[in-house]
Amino acid sequence: MGRLFLVNLEGKSYSCKHCKTNLALYDDVVSKSFQSRHGKAYLFSKVVNVYAGKEEDRMMMTGLHTVVDIYCVKCGSYVGWRYEFAFEKNQKYKEGKSVLERYKVWGPDGNNYWVAQEVEAGDSDTDEA
């Protein structure tokens, strides 16, 4: 295995809950109103230190999207997904943006979001902002 180069973020950031690797800046949050199957999720304009899984079409609450799951580049933990393509015209703003699931990351204040109750529905991406 080669040498691992990580992007260090300065300022308030979200990081992997398993290895504390920086993933996104607080200032890059686009929406905090998303839902995943495990609870809250945030939409970010930019994330770092992740790698993408296989591209797939996924039916979400807001319609069909082509997405890739994203994983922490250091420890390999699943942290969320990235929108590659939105089939609905009013969802195009999500393309190229990433969602981090709050139960998988540490917040900028050092707190971890714990799932209070599991969401019954399948994949979700509600954005009521």
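Residues take numbers from 1 onward in each chain, read along the sequence in its written order. At least 70 in pLDDT is required for a residue's local features to be given in this predicted model, at least 80 for side-chain atom pairs to be given and counted, and no such filter applies to totals for whole chains, interfaces and linings, which use all residues. Values reported for side chains reflect all heavy atoms of the structure, with hydrogen atoms and water molecules removed beforehand.

An unreviewed UniProt entry annotates the chain as Protein yippee-like of Camelina sativa. UniProt positions are given in the numbering used here, feature names are shortened, and annotations may be inferred rather than shown by experiment. Per UniProt, the comment on the chain under Sequence similarities (unreviewed entry) is "Belongs to the yippee family."

**Q** Mind showing me how you'd approach the sheet that holds strand β2 (residues 22-25) here?
**A** By way of backbone hydrogen bonds, the strands of a sheet pair with one another, either parallel or antiparallel. Between any two strands, at least two bridges found by DSSP are needed for them to pair. Numbering of helices and strands starts at the N terminus; helices are DSSP runs of H or I of at least 4 residues and strands are runs of E of at least 2. Reading across the sheet, the 3 strands line up as β2-β1-β9 and stay open at both edges, with antiparallel pairing between neighbours. Only two strands of the sheet have a single neighbouring strand rather than two, namely β2 and β9 (105-106). Examined bridge by bridge, strand β1 (residues 13-16) and β2 share 3 bridges and lie antiparallel to one another. Looking at β2, one finds that Ser13 is bridged to Leu25.

**Q** Which parts of the structure should I look at to understand the nonpolar core?
**A** The tendency in soluble globular proteins is for nonpolar side chains to be buried as a group. Here, nonpolar core refers to any group of buried Ala, Val, Leu, Ile, Met, Phe, Trp, Tyr and Cys residues whose side-chain atoms link them within 4.5 Å. The buried label goes to any residue with under 20% of its type's maximum accessible area, the exposed label to any with over 50%, and the partly exposed label to all in between, with areas taken from a 1.4 Å probe on protein chains only. Of all hydrophobic cores here, the largest spans 13 residues; its most connected members are Leu23, Phe44, Val47, Val79 and Leu100. Looking at this core, the elements with two or more residues in it are β1, β2, β4 (39-44) and β6 (63-72). For Phe44, the residues in contact, after removing those within four places along its chain, are Tyr14, Ala24, Leu25, Asp28, Val29, Val30, Lys97, Ser98 and Leu100. Leu43, Met60, Val67 and Trp81 belong to the second largest nonpolar core, which has 8 residues in total. Only heavy atoms matter for contacts: two residues are in contact if any of them lie within 4.5 Å across the pair.

**Q** Hey, could you run me through the packing of aromatic side chains in this one?
**A** Here a ring pair, both rings aromatic, is described through the centre-centre distance and the interplanar angle of the planes. The aromatic pairing rule takes the rings of Phe, Tyr and Trp, using the six-membered ring of Trp, and pairs them if the centres are within 6.5 Å, calling planes under 30 degrees apart stacked, those over 60 edge-to-face and the rest tilted. With the rule as written, the count across this model stands at 6 aromatic pairs. Ring centres 5.9 Å apart and planes at 90 degrees place the aromatic pair Tyr14 and Tyr42 in the edge-to-face group. Placement of the pair is Tyr14 in strand β1 and Tyr42 in strand β4, with a sequence separation of 28 residues. Both residues of the pair, Tyr14 and Tyr42, belong to the buried class. Considering the side-chain rings of Tyr51 and Tyr71, the 5.3 Å spacing of their centres and the 25 degrees angle between planes classify their relative orientation as stacked. Pair noted here: Tyr51 is in strand β5 (residues 50-60) and Tyr71 is in strand β6, with a separation of 20 residues, a long-range link.

**Q** What's the story with the sheet that holds strand β8 (residues 98-101) in this structure? I'm lost.
**A** On the basis of which strands lie adjacent, the open sheet formed by 6 strands has the order β3-β4-β8-β7-β6-β5 and antiparallel pairing. Each having just a single partner strand, β3 (29-36) and β5 make up the two edges of the open sheet. Recorded for the sheet is a direction-independent mean angle of 30 degrees between the axes of neighbouring strands. Strand direction decides the pairing type here: strand β7 (residues 78-86) and β8, joined by 3 bridges, are antiparallel. Residue Trp81 lies in a different strand from β8, and its bridge partner there is Val99. Working convention: axes come from line fits to C-alpha atoms, limited for helices to the stretch in contact. Angles between N-to-C directions cover 0 to 180 degrees.

**Q** Sorry, what's going on with the pattern of salt bridges here?
**A** Note on pairing: side chains with opposite charge can pair once their charged atoms come close. One speaks of a salt bridge when a side-chain nitrogen belonging to Lys or Arg is within 4 Å of a carboxyl oxygen belonging to Asp or Glu. Considering all chains together, one arrives at 4 salt bridges under this definition. Linking Glu56 and Arg58 is a salt bridge whose minimum nitrogen-to-oxygen distance equals 3.3 Å. Given a relative accessible area of 7%, Arg58 falls into the buried group. Of the charged contacts, one joins Lys92 and Glu95 as a salt bridge, the two residues approaching to 3.3 Å between their closest N and O atoms. According to the relative accessible area criterion, Lys92 is partly exposed, its value standing at 34%. Using a relative accessible area of 29% as the deciding quantity, one classes Glu95 as partly exposed.

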